[in-house]
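# Report on the structure
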Amino acid sequence: MLVEDDQLVRINRQLRKIYPAHSDEEITEVSSQLLQILRDNCDIGTSDENTSFELWDSSSTVLISYPDSVSRQGESTLKTLSDLIDNKLGNIANIVHILPFLKSTSDGGFSVSSHKELDPYFGDWNDLKLFSQKHKIMADLVLNHVSSSHPWVQEFIQSKLPGLSYILSPDDIKGWENVVRPRNSALFTNLSTKHGNKNVWTTFGPDQIDLDWKDPYIIIEFLKLIVLYLRNGVHWIRLDAVAF
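Here we summarise the structure given alongside this text. Everything numeric in this text was worked out from a predicted model, so none of it was measured.

Empty pockets left among the atoms are what a rolling probe the size of a water molecule brings to light. Here the second largest pocket defines a volume of roughly 330 Å³. Looking at the second largest pocket, it is lined by 13 residues, and the ones nearest its centre are His 115, Lys 116, His 150, Trp 152 and Glu 221. Those elements that provide at least two residues to the lining of the second largest pocket are helix 5 (151-157) and helix 7 (217-231). Sorting elements by how many residues they give to the lining of the second largest pocket places helix 7 first, with 4 residues. Considered class by class, the residues forming the lining of the second largest pocket number 5 nonpolar, 4 polar and 4 charged.

Quick look at the packing of helix 3 (residues 77-89) against helix 4 (residues 125-132) now. The geometry of helix 3 relative to helix 4 is characterised by a closest axis approach of 9 Å and an angle of 10° between their N-to-C directions. Between helix 3 and helix 4, the angle falls in the class roughly parallel. Every pair of crossing elements has a handedness; the one defined by helix 3 and helix 4 is left-handed. Counting all contacts with helix 3, which are made through Leu 78, Leu 81, Ser 82 and Ile 85, the residues of helix 4 involved are Asp 127, Leu 128 and Phe 131. The residue inventory of the contact of helix 3 with helix 4, partitioned by class, reads 5 nonpolar, 1 polar and 1 charged.

Moving on: the pattern of salt bridges. Scanning all chains against the criterion turns up 13 salt bridges. Among the ionic pairs, Arg 16 bridges to Asp 24, the shortest N-O distance being 3.1 Å. Among the residues examined, Arg 16 registers a relative accessible area of 34% and is labelled partly exposed. We classify Asp 24 as partly exposed; its relative accessible area is 47%. The shortest N-O distance in the salt bridge between Lys 134 and Asp 86 comes to 3.4 Å. With a gap of 48 residues between them, Lys 134 in the loop between helix 4 and strand 3 (136-142) and Asp 86 in helix 3 connect regions that are remote in the sequence.

So, on to the environment of Pro 206. Positionally, Pro 206 belongs in the loop between strand 6 (196-201) and strand 7 (208-210). Separated by 58 residues in the primary sequence, Pro 206 and Ser 148 place their C-alpha atoms 7.4 Å from one another. Residues within four places of Pro 206 in sequence aside, it is in contact with Ser 148 and Thr 189.

Before going further, it helps to examine the side chain of Asn 144. Mapping Asn 144 onto the fold places it in the loop between strand 3 and strand 4 (145-147). Residue classification places Asn 144 among the buried positions, given a relative accessible area of 6%. Aside from chain neighbours lying at most four places away, what touches Asn 144 is Thr 203, Phe 204, Ile 209, Asp 210, Leu 211, Asp 240, Ala 241 and Phe 244.

Rules of the game
Residues numbered from 1 in each chain as written. Predicted model: local features only at pLDDT ≥ 70, side-chain atom pairs only at ≥ 80, totals over all residues. Heavy atoms only, no water. 1 Å grid on protein atoms, 1.4 Å probe; cavity = no way out; pocket = protein on both sides within 12 Å on 5 of 7 lines; lining within 4 Å. Points joined across faces, edges and corners; volume = space filled by probe spheres on them. Helix = DSSP H or I, 4+ residues; strand = E, 2+ residues; numbered from the N terminus. Nonpolar A, V, L, I, M, F, W, Y, C, P; charged D, E, K, R; others polar. Axes fitted to C-alpha atoms, helices over the stretch in contact; angles between N-to-C directions. Parallel < 35°, antiparallel > 145°, perpendicular 65-115°, else oblique. Left-handed = near helix turned anticlockwise from the far one by under 90°. Contact = heavy atoms within 4.5 Å. Salt bridge = Lys/Arg side-chain N within 4 Å of Asp/Glu carboxyl O. Buried < 20%, exposed > 50% of the residue type's maximum accessible area, 1.4 Å probe, protein only.

Now the structure itself:
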């Protein structure tokens, strides 16, 4: 058996454990797409001077900052932040955790409205890549939800795929009184869709619509985002709100 065939078998096996209700054909299709993405991007990290097999040790320090904690007129805030660290902070940290920098609509960037673009005020993918030439970057992978303005939510409203199957919309909203979460807003938000009003799960508030991880195809979407991160200099990934 070829190594690649073995990888496909292992991915298939794990997906079947996670998604037992889905057909063999569906699981095979998802597995094949995941493997193809990995195959197409197997070169990531091979020529990166900042890549190290040493993950961290007792000397590691992480500086955490919003992408716009500092700004200077006429340039991206990511460049300003990079210059500040280089010129004023020296070797204070060998990892920089840049809080959410993708396009968003609220919650300090954690309400992501695009998985393809940065907020233009912060800069663009090239700014992030330049930042990574001097610093190891940690980025947030917001897995639990997307902004109410995200294309998937708009597709859900129009009853179009893939958004229709990516948004968590339970048939019954009763019996959830004991759900514990760090918010006092309503657990469900009612959306007016092409096929009438529907309740969607909103753990963190009405502008953050929960995703339905019962659809295995959503793994493909986030693997693509991880690849985009890695291609543009991200070394560490923080899984945001993964417990929810």
